[in-house]
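For reference, the chains in residue letters:
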Amino acid sequence: MIPQVPQRARRGRRAAAAGLALATLVLAGCTQAQQRGFLPGRADGQEVTSQTERITNLWVGSWTVLVLVGLMIWGLTIWCAVAYRRRKNDTGFPVQLRYHVPLELMFTLVPVVMVLTFFYFTQRDAREIEMHVAEPDYTVNVVAKQWSWDINYVDQNVHEPAGIQSFATGEVDAEGNDAAADALPTLYLPVGQSVEFRLDSRDVVHSFWVVDFLYKKDMMPGHTNSFQVTPTTEGVYAGKCAELCGEYHSDMLFNVVVVSQEEFDAHMEELRQQGNEGQLGVDLNRNQEEWSMREKHDDAGPRYTEETASTGTEGENE
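In this text, all values refer to a predicted model and were calculated from it rather than measured experimentally. (Residues numbered from 1 in each chain as written. Predicted model: local features only at pLDDT ≥ 70, side-chain atom pairs only at ≥ 80, totals over all residues. Heavy atoms only, no water.)

This brings us to the nonpolar core. Counting residues in hydrophobic clusters, the biggest one holds 39 residues, and the most contacted among them are Phe197 and Phe208. Sort the elements by how many residues they give to this core and strand β10 (residues 253–259) lands first, with five residues. In this view, phenylalanine 208 contacts Val142, Trp149, Leu187, Phe197, Leu199, Tyr215, Lys216, Lys217, Met219, Phe227, Lys240 and Phe254; residues no more than four positions away in its chain are not counted. (Core = buried A, V, L, I, M, F, W, Y, C linked by side-chain atoms within 4.5 Å. Buried < 20%, exposed > 50% of the residue type's maximum accessible area, 1.4 Å probe, protein only. Helix = DSSP H or I, 4+ residues; strand = E, 2+ residues; numbered from the N terminus. Contact = heavy atoms within 4.5 Å.)

Structure follows, in structure tokens:
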């Protein structure tokens, strides 16, 4: 005699298969933005650096688990409210249980296991992201200042022109383009080459953030932070300061351009021909005239200077 599968088991299998098919259909219809958990990234789905896939997987995996746990808790809560509701014919009080050891153990062990699991995957990925190789292909030193950036290419011993704050943030020109784009400091990186970033601050705490790199690092006066990454896709990527650093924090923007090795070498030679040899260090005084953004942009609005402090007037434009 062939054993028969209970009707309830067959229905359960059908429901599981239908749920799996529905989940597959939903995931297949997701856009690139939805698949990466709405994290910043390229519209074509290409990974920007050697670490973006790892960061995205950790983010999406964590939220997937949290959503499933949340749905399970809400489902059990609603089921309990319905299944154990008071009926018309009920009298007195329901059975009062002072202890329920298996349930209490579950409420204790499940959160502990979840937290330890999250800790393991976070520690594993953070270790890889923060890993430094002995000899990176290139080293870049970025110096933050209120409110712009100085960019040094250490191995080539050249630097970008000193960063000037843009006061056109959020504005558009006659053609509808970002009015501040051409004035922003620009950092060039060769595609497929490991780069070590050494980060310094000239005045207050800043934070170096290339949005599509999915990574940011604080920059503190008197201390050099560093990280390494390999850009994997050519393109132009927006960067900004991610630490509130004063009045014009929102203007502290920059661009990162990932180019081929040939274009990178040509840009280094161009900087050398322009006389931008050497390094812009943290010892530069931001109040010196040649580095002053206040003197160059008098039309930007009120400014607090040594002159206005002594006269008692603040920021009158000449």
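Having seen it, we continue.
Attention shifts here to the packing of aromatic side chains. In the structure shown here, the tally under the stated rule is 14 aromatic pairs. Judged by centre distance (6.0 Å) and plane angle (65°), the rings of tryptophan 59 and tryptophan 63 are edge-to-face. Residue tryptophan 59 and its partner tryptophan 63 are located together in helix α3 (residues 52–83), separated by four residues, close to a single helical turn. Members of the aromatic cluster, joined through ring pairs, are Trp149, Phe197, Phe208, Tyr215, Phe227 and Phe254. (Phe/Tyr/Trp six-rings, centres within 6.5 Å; stacked < 30°, edge-to-face > 60°.)

We now examine the sheet that holds strand β9 (residues 235–241). The strands making up a sheet are joined through hydrogen bonds of the backbone, oriented either antiparallel or parallel. Spatial ordering of the open sheet is given by β4-β10-β9-β6-β7, a layout of five strands whose pairing is mixed. The strands lining the two open edges of the sheet, one partner per strand, are β4 (186–190) and β7 (215–219). Put simply, the sheet's adjacent strands are angled 25° from each other on average, direction ignored. The pairing of β4 with β10 spans five bridges and is classified as parallel. When the sheet's bridge partners are listed, proline 190 is paired in β10 with valine 259. Contacting β4 and β10, helix α5 (residues 261–273) runs over the sheet at an angle of about 135° to β4. (Pairing = 2+ DSSP bridges. Axes fitted to C-alpha atoms, helices over the stretch in contact; angles between N-to-C directions.)

Moving on, we get to the state of the cysteines. Scanning the model with the defined rule gives zero disulfides in all. Looking at cysteine 241, it has no disulfide partner, and the nearest cysteine sulfur is the one in cysteine 245, 3.9 Å off. By relative accessible area, which is 5% here, cysteine 241 ends up buried. (Disulfide = S-S within 2.5 Å.)

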